[in-house]
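# Reading the structure
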Amino acid sequence: MISEEQAKQHIRELLEFIGEDPTRTGLQDTPDRMIRMFGEMFRGYDPAQAPKVTTFPNGQDGIIYDDMVVDCGPFYSVCEHHCRTFFGDYWFAYLPNPKGRILGLSKIGRVVDYCAARLQVQERLVHDVVEMLTEALGTENPPLGMALMMRGRHMCKESRGVRKSGVMTSTYLTGSFRTNAQTRNEFLSYIDKSGNV
Ligand SMILES: [Zn+2]
């Protein structure tokens, strides 16, 4: 484990490596700002900052949810190959177990944000999110299936290298989303077909 001061020194060296003068006014506080930004961008390494995923017994409100629950929203992450941003939208769905538990809806986005706050590849990110949400629902009466699709724009591809825009899609399906075409198609019907993110 290196100290914050050592990390700042390495940033100054990197600035010098790219041809900069790390002592000039505009850059003097940059290592400090980057370290503080890293604390936020990479909080996904710190288990103490993991969101508490609230779940409720299905039927607690007097109604048993057994239909598909869908949530979507944006995500921001950093690719582990180039340390460049990739970002886009996610679509999540699950089929609650009538005898199991249901997810607090706001927690899905928090789990996405937490898992995205690490150096990632999009393929692993979809797994990490689904696994954390599956774990939160417990193994006794697990959900009948979960699905996550992410569409991301990768700056390492768009702003350098091949410089081609394009959206990468990755999905992770479990349970009935994997085995039942009708369930899978219902999930896919919720997804914005424009291909934009
Ligand atoms: Zn990359």
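Given the structure is predicted, the values throughout are model-derived calculations rather than measurements.

Looking now at helix α4 (residues 122–137). Because an α-helix packs 3.6 residues into every turn, residues spaced three or four apart end up facing the same way. For α4, spanning 16 residues, the distance from its first C-alpha to its last is 23 Å, which sits close to the expected 22 Å at 1.5 Å a residue. Listing the buried residues of α4 in full gives Leu125, Val126, Val129, Val130, Leu133 and Leu137. Mapping the buried residues of α4 onto a view down its axis gives an arc of 125°, with all of them on the same face. The exposed set on the far side of α4, more than 90 degrees from its buried face, consists of Glu123 and Glu135. With its phi angle positive at about 80°, Gly138 sits one or two positions after the end of α4.

Quick look at the sheet that holds strand β2 (residues 69–79) now. The sheet built from five strands is open, its strands ordered β5-β2-β3-β6-β7 with mixed pairing. Only two strands of the sheet have a single partner each, and these edge strands are β5 (119–120) and β7 (167–173). Pairing of strand β6 (residues 145–154) with β7, which is carried by seven bridges, proceeds in the antiparallel orientation. By the bridge assignment, Arg151 is partnered in β7 with Thr169. Packing against the sheet, helix α3 (residues 106–116) makes contact with β2, β3 (85–95) and β5, and its axis sits at approximately 15° to β2. Taken strand by strand, α4 contacts β2, β3, β5, β6 and β7, and its axis lies near 150° from that of β6.

Attention shifts here to the packing of α3 against α4. The geometry of α3 relative to α4 is characterised by a closest axis approach of 9 Å and an angle of 135° between their N-to-C directions. It follows that α3 is oblique to α4 by the angle criterion. You can see that α3 and α4 cross each other, and the crossing is right-handed. Taking contact as the criterion, the partners of Ile108, Val111, Val112, Cys115 and Ala116 in α3 are, on α4, Leu125, Asp128, Val129, Met132 and Leu133.

Conventions used here
- Residues numbered from 1 in each chain as written.
- Predicted model: local features only at pLDDT ≥ 70, side-chain atom pairs only at ≥ 80, totals over all residues.
- Helix = DSSP H or I, 4+ residues; strand = E, 2+ residues; numbered from the N terminus.
- Expected span 1.5 Å × (residues − 1).
- Buried ≥ 20, exposed ≤ 12 C-beta atoms within 10 Å, placed from the backbone.
- Arc of directions from axis to C-beta.
- Pairing = 2+ DSSP bridges.
- Contact = placed C-beta atoms within 7 Å.
- Axes fitted to C-alpha atoms, helices over the stretch in contact; angles between N-to-C directions.
- Parallel < 35°, antiparallel > 145°, perpendicular 65-115°, else oblique.
- Left-handed = near helix turned anticlockwise from the far one by under 90°.

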